[in-house]
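# Architecture and fold: a report
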Amino acid sequence: MSNISNIGDVYQWSVAKIAEAFRLDRRSVKNRLLEANIPVAGTVKGNPVYALHQVAPALFGQINIGDAAANQNPDDMTPKERKDWFDSEKGRIWLEKEQRQLIPVHEVTAVYSALMKASVQVLETLPDVLERDAALTPSAVAVVQDAIDKVREGFGANAYNMCAAVHKPQEEHGEDEHE
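Reference entry: report on the structure contained in this document. Keep in mind it's a predicted model, so treat the numbers as computed, not measured. (Residues numbered from 1 in each chain as written. Predicted model: local features only at pLDDT ≥ 70, side-chain atom pairs only at ≥ 80, totals over all residues. Heavy atoms only, no water.)

## Some thoughts on the pattern of salt bridges
Just so we agree on the cut-off: Salt bridge, as used here, is a side-chain nitrogen of Lys or Arg placed within 4 Å of a carboxyl oxygen of Asp or Glu. What counts as a helix is a DSSP run of H or I of at least four residues, what counts as a strand is a run of E of at least two, and both are numbered from the N terminus.
One pass over the structure, following the stated rule, counts eight salt bridges. Close ionic contact of Lys80 with Asp84 constitutes a salt bridge, the shortest N to O distance being 3.0 Å. With Lys80 and Asp84 both in helix α5 (residues 79-98), this residue pair falls four residues apart, about one helical turn. Across the salt bridge formed by Lys83 and Asp87, the nearest N and O atoms sit 2.9 Å from each other. One end of the pair is Lys83 and the other is Asp87, both in helix α5 and four residues apart, which spans about a single turn.

## Quick look at helix α3 (residues 52-60)
Two residues of an α-helix separated by three or four positions point the same way, owing to the 3.6 residues in each turn. The following threshold applies: Here's how the labels work: a residue is buried when its accessible area is under 20% of the maximum for its type, exposed when over 50%, partly exposed in between, all with a 1.4 Å probe on protein chains only. Here the arc refers to the directions that run from the helix axis out to each C-beta atom. In what follows, a contact means two residues having at least one pair of non-hydrogen atoms within 4.5 Å.
Three or more residues of α3 are buried, namely Leu52, Val55 and Leu59. Relative to the axis of α3, the buried residues are bounded by an arc of 55° and lie together on one face. The inward-facing, buried residues of α3 contact β1 (12-14), α1 (15-22), α2 (26-35) and β3 (47-51). Looking one or two places after α3, you find Gly61, whose phi comes out positive at around 85°.

Written out as C-alpha cells, the structure is:
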C-alpha cells in the first residue's frame, strides 16, 4: 500500500488499492464503480482515486440497519421471498427450541406453577412451624398469618396482571377483526 502525505488522502483509494484491501478482482471493482456512477475524488500519480464512503455501498450494497425490520415485513415481499422468509423463521424457531433458548409455553407454565405451589405451601405452614418451634404467642402468629395472606394476595394479583398484560393485545386484536 502507498504512503500518505495528506490526512485527507487516507480515505481516497485507487482501484488497485481497493481490490487489494478487499481481496477482489480489479476488473470487478472497476465495473461496480462504473455501474454505481461513483465519481472520481481525485488523482494520485495520474491514477483516479475514489472516496471510500462512496465505494463501500457500491461494492457491498447498502447496509441500512434502521430499515432491517422494514425489510422483513412479509406484506412487502414477493411470494417467493415471503415463502423463503417464513421457512427461515420456522428453521430459526426450531433451532432455538433445540438449543433451549425458546421454551414452550406449557413447560414455562408447569415450572411456574410448581414454583408457586411450593412457595405457597411454605407460606401456609410457616405460622404453625413458628408457633410450635419458636413458641410464638397466638397474637404473634396472627400477625404473621396476616402478613403471609398479604403476600399470597400479591402473588395472585401479580400473576393475574402479568397474564392480563400478555393476553390483552391479542384479545383487542381479535375484537377489532369482528367489528
